[in-house]
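Structural overview for review
Listed below are the residues making up each chain.
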Amino acid sequence: MPRGRYSLHDPYDHTPLGEEHFQCAPGPTGWRYVSRTTAPSGDHTGSLDLTLDDLGRPLRLELRTAHWQVRGAALDGVTWVRTDPAGERAQEGNAPAHAFTGTSPAFLVAAARLLRPEPGTPATRVRLVAFTPPALAPRTLDQTWELLGSEAHATDSGPLTVDGYRVGDPETGEAHTVHIAGDVVLAAPGVELEDLESPPSAFT
């Protein structure tokens, strides 16, 4: 069960945004990722609990910040409820999308698991609903994913396969590279893996 820590920063000006402490593992239903985020000051800012099925679809999403929380799942596309912690301002939503996304590196692993692009094939387009802190307001967007290649790296615990993806924004034409090993993001814009207590889990 990988357990570790990501540092998060603004991908444009590199302003530190805090850290995400996580643990994740494949399980009977697919894959589960649990994390909590902290500000640069160390104050708690939110949490994430994401469970995928064997095909990479979101079985359950629980995302929290100081003033908002979202619960969602793949149902008639994707369906969610966004509310304040007291439950007084609940808003239901639904969109003909494939999955969720946000600032957590977990959503990069989830998208790669859902799409599973093959090397040498055209980029795959996917529609996602994004929730970003602090307000967690839903926003529907499209991404393109292309597998650039895979490399095996020798480690003390055996070979580690790292997949490189080009992730694009069809609306702006911008693209960036994401490196993922199993269920851990090694590097992505705004994300750095700072600590990992055990090797990434390999999906079967």
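It should be emphasised that the depicted structure is a prediction, and the values quoted were computed from it without experimental measurement.

Attention shifts here to the packing of aromatic side chains. In total, this model carries six aromatic pairs according to the counting rule given. Aromatic pair Tyr6 and Phe22: ring centres 4.5 Å apart, planes at 20°, arrangement stacked. In this pair, Tyr6 sits in strand 1 (residues 3-9) while Phe22 sits in strand 2 (residues 16-26), placing the two residues 16 residues apart along the sequence. Comparing Tyr6 with Phe22, the two get one shared label, buried. Where Phe22 meets Tyr33, the ring centres are 5.7 Å apart and the plane angle is 10°; that geometry is what we call stacked. Linking Phe22 in strand 2 with Tyr33 in strand 3 (residues 31-38), this pair joins segments that are 11 residues apart in sequence. A relative accessible area of 2% places Phe22 in the buried class.

Taken across its 10 residues, helix 1 (residues 106-115) has nine buried, putting it largely inside the fold. Along helix 1, the residues classified as buried are Ala106, Phe107, Leu108, Val109, Ala110, Ala111, Ala112, Arg113 and Leu115. Looking one or two residues beyond helix 1, the residue adopting positive phi is Arg116, at roughly 45°.

Two elements, strand 10 (residues 124-131) and strand 11 (residues 138-153), share eight bridges in a ladder whose sense is antiparallel. Counterpart to Arg125 in the pairing with strand 11 is Thr144. Taken together, strand 10 and the strand that follows it, strand 11, pair antiparallel across an intervening segment of six residues, in which Leu136 is found at a positive phi of about 55°. As judged from the nine bridges shared by strand 11 and strand 12 (residues 160-168), these two strands associate in the antiparallel manner. Paired with Thr144 across the two strands is Gly168, which belongs to strand 12.

Bringing the nonpolar core into the picture now. Ranked by internal contacts, the top residues of the largest apolar core, which has 44 residues, are Leu50, Leu61, Phe131 and Trp145. The dominant element in this core, judged by the number of residues it contributes, is helix 1, at eight residues.

Inspection of every chain in the model, using the stated rule, returns eight salt bridges. When the shortest N-O distance is used, the salt bridge between Asp49 and Arg32 registers 2.6 Å. Placement of the pair is Asp49 in strand 4 (residues 44-52) and Arg32 in strand 3, with a sequence separation of 17 residues. The exposure class of Arg32 is partly exposed, given its relative accessible area of 41%. Between Glu146 and Arg166 there is a salt bridge, and its shortest N-O distance comes to 3.1 Å. One end of the pair, Glu146, is in strand 11; the other, Arg166, is in strand 12, and 20 residues separate them in sequence. A residue is classified by how much of its surface remains accessible, and Glu146, at 24% relative accessible area, is partly exposed. For Arg166, a relative accessible area of 37% puts it in the partly exposed group. Several salt bridges converge on common partners, so that one network encompasses Arg32, Asp49 and Arg60.

Definitions and cut-offs
- Residues numbered from 1 in each chain as written.
- Predicted model: local features only at pLDDT ≥ 70, side-chain atom pairs only at ≥ 80, totals over all residues.
- Heavy atoms only, no water.
- Phe/Tyr/Trp six-rings, centres within 6.5 Å; stacked < 30°, edge-to-face > 60°.
- Helix = DSSP H or I, 4+ residues; strand = E, 2+ residues; numbered from the N terminus.
- Buried < 20%, exposed > 50% of the residue type's maximum accessible area, 1.4 Å probe, protein only.
- Pairing = 2+ DSSP bridges.
- Core = buried A, V, L, I, M, F, W, Y, C linked by side-chain atoms within 4.5 Å.
- Salt bridge = Lys/Arg side-chain N within 4 Å of Asp/Glu carboxyl O.

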